[in-house]
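# Structural overview for review
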Amino acid sequence: MNCKILTSALPNIPWEERPAGSSELMWRYSGNPVIRPDGIRNANSIFNSAVVPFGDAYAGVFRVDDTCRIQRLHAGFSADGVHWKIEDDPIVFEGGQVFEYGYDPRVCRIGDDYWVTWCNGFHGQPTIGIAVTRDFKTFTQKENAFLPFNRNGVLFPRKINGKYAMFSRPSDPGHTPFGDIYLSFSPDMVHWGEHKLVMSPTRGWQALKIGAGPIPIETDRGWLLFYHGVLLSCNGYVYSMGAALFDLEEPWKVIARTDAYLMAPKMDYERVGDVPNVVFPCAALVDGATGRIAVYYGAADTVTGLAFCRAEEILAHLLKQK
Ligand code: BMA
C-alpha cells in the first residue's frame, strides 16, 4: 500500500525483521524483555513506560514501582533503544504541584519541548498530570489537565486547528470496570475543554474498557493510534493491543479500528507477573522514511517488552476493516 508517514526519519530505530514463517502483523523482539527491574535501586518492577528519540539517541520516562510498592517515575537513557540506563532515583518535579504517585507515563515531543503526561496521584485520586522537560533532568510539573478520576492521557504531537489535543480515559478511583477514549483540546496546555467521545469498548478482547497507548502517529491516511483493550475473564482483567485510525483534522472521528487484537498476552513474561496477562503499550518509535515502528509495552506489570510492525501493513489492515 502507498502511504506516507508524516514523521522524521529514524535510521537507528531498534528493529528486527518479522520471523521467517510468521504472518503476524506485529511481532516481538527476540531479546524481550528489554527492561527489567534488576540492578535499579529499590525497584520492584519497570513497565508501562515511555521512550522518545533524544538527540542522536533515546530518552524516556519509566514507571518504576518501588519496594514499598509506590508508583514512581524515573528518567532513563539509551544509545540504541534496547539497552537502557534507568536512573536509580525518581524524578523530583519542580513547579510546586501535587505529586503523590505517578504511573503509566507518555512522552510527547512538541517543538523543542518534551511533554510528559501520566496518571498523577492528586489528594489520593488519579488524574492526568502534565510536566515539561528539555533535558530529561529537570522536569517542571504544570497544572493537572482534568479533575479526578482520569487515566491514560495521551497528547498529540502537534496542535490541531491551533490547539493542543489529548486523549484521555475518564475512570473511577479503583480498577475501573469501564472506560471509553475521549478527546479534549487546550489553547495553552492548562485549560482543557471541547470534550468529545472518540471510541467505546466493543466485544471480545476490548469488551470491558479501552485506553489510548503511544502518542498518535501522523500519516497521510489519518492518525494511527495503538491502544489497549481489556476483557474480564473469570480470573480478572486481560490487556491486549489493537490499532485505530482517526481523521487528521477532526481526530474524534474514527476511520477504522481493529476487531481482532494485534497482540495479546502469550509469552511467559506477559502471562506471569505482578498483574498477569497484560500487554500495555505506552510508546512507539517510528522511522518516517521506511514506516518501521517499534512499540514499547508493559508486560504483566513487571517488565517492558518491544514489538515491531510496519505502518503500511497496519494501515492496509485497518482500511480493509472499514
Ligand atoms: C494501568 C494501570 C496499572 C494496571 C495496568 C495494567 O492502567 O492502572 O496499574 O495494573 O493498567 O498494566
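Applying the stated criterion across every chain, the model contains 19 salt bridges. Ionic pairing is found between Asp88 and Arg41, a salt bridge with its closest N-O pair at 3.9 Å. Linking Asp88 in the loop between strand 5 (85-86) and strand 6 (102-110) with Arg41 in the loop between strand 1 (27-28) and strand 2 (43-54), this pair joins segments that are 47 residues apart in sequence. Judged by relative accessible area, which is 27%, Asp88 ranks as partly exposed. Where Asp65 meets Arg63, a salt bridge forms, and the shortest distance between an N and an O atom there is 2.9 Å. Residue class for Asp65 comes out buried when judged on its relative accessible area of 5%. Shared partners join several salt bridges into a network, and the residues in it are Arg41, Asp88 and Asp89.

Let's shift gears to the packing of aromatic side chains. Per the stated rule, a full pass over the model turns up 22 aromatic pairs. When the ring of Phe54 is compared with that of Tyr114, the centres are 5.6 Å apart and the planes differ by 75°; the resulting orientation is edge-to-face. Pair noted here: Phe54 is in strand 2 and Tyr114 is in strand 7 (residues 113-122), with a separation of 60 residues, a long-range link. The class of Tyr114 is buried, set by a relative accessible area of 4%. Centroid distance Phe99 to Trp118: 6.0 Å. Interplanar angle 50°. Geometry classified as tilted. Of this pair, Phe99 sits in the loop between strand 5 and strand 6 while Trp118 is found in strand 7, placing the two residues 19 residues apart along the sequence.

With that out of the way, let us pick up the side chain of Ser45. Looking at the element boundaries, Ser45 is found in strand 2. Only 2.9 Å separates the side chain of Ser45 from the side chain of Asn44, close enough to count as a polar contact. In this view, Ser45 contacts Pro37, Arg63, Val64, Asp65, Asp274, Asp301 and Thr302; residues no more than four positions away in its chain are not counted.

One open sheet holds the four strands; their spatial order is 6-7-8-9, and the pairing between them is antiparallel. Two strands bound the open sheet, and with one partner strand each, they are strand 6 and strand 9 (140-141).

A few words now on the site of the ligand. All residues in the neighbourhood of the ligand are listed as Asn48, Arg63, Tyr103, Asp104, Tyr239, Val275, Val278, Phe280 and Asp301. In the model, an oxygen atom of the ligand is placed 3.1 Å from a nitrogen or oxygen of the Arg63 side chain. With respect to the ligand, the side chain of Asp104 contributes an N or O atom lying 3.1 Å from an oxygen atom. Burial of the ligand by the protein chains amounts to 86% of its free accessible area of 310 Å².

The rules behind the values
Residues numbered from 1 in each chain as written. Predicted model: local features only at pLDDT ≥ 70, side-chain atom pairs only at ≥ 80, totals over all residues. Heavy atoms only, no water. Salt bridge = Lys/Arg side-chain N within 4 Å of Asp/Glu carboxyl O. Helix = DSSP H or I, 4+ residues; strand = E, 2+ residues; numbered from the N terminus. Buried < 20%, exposed > 50% of the residue type's maximum accessible area, 1.4 Å probe, protein only. Phe/Tyr/Trp six-rings, centres within 6.5 Å; stacked < 30°, edge-to-face > 60°. Polar contact = N/O pair within 3.5 Å; in protein donor to acceptor, adjacent residues only side chain to side chain. Contact = heavy atoms within 4.5 Å. Pairing = 2+ DSSP bridges. Near = heavy atom within 4 Å. Areas by Shrake-Rupley, 256 points an atom, 1.4 Å probe, with all protein chains shown as cover.

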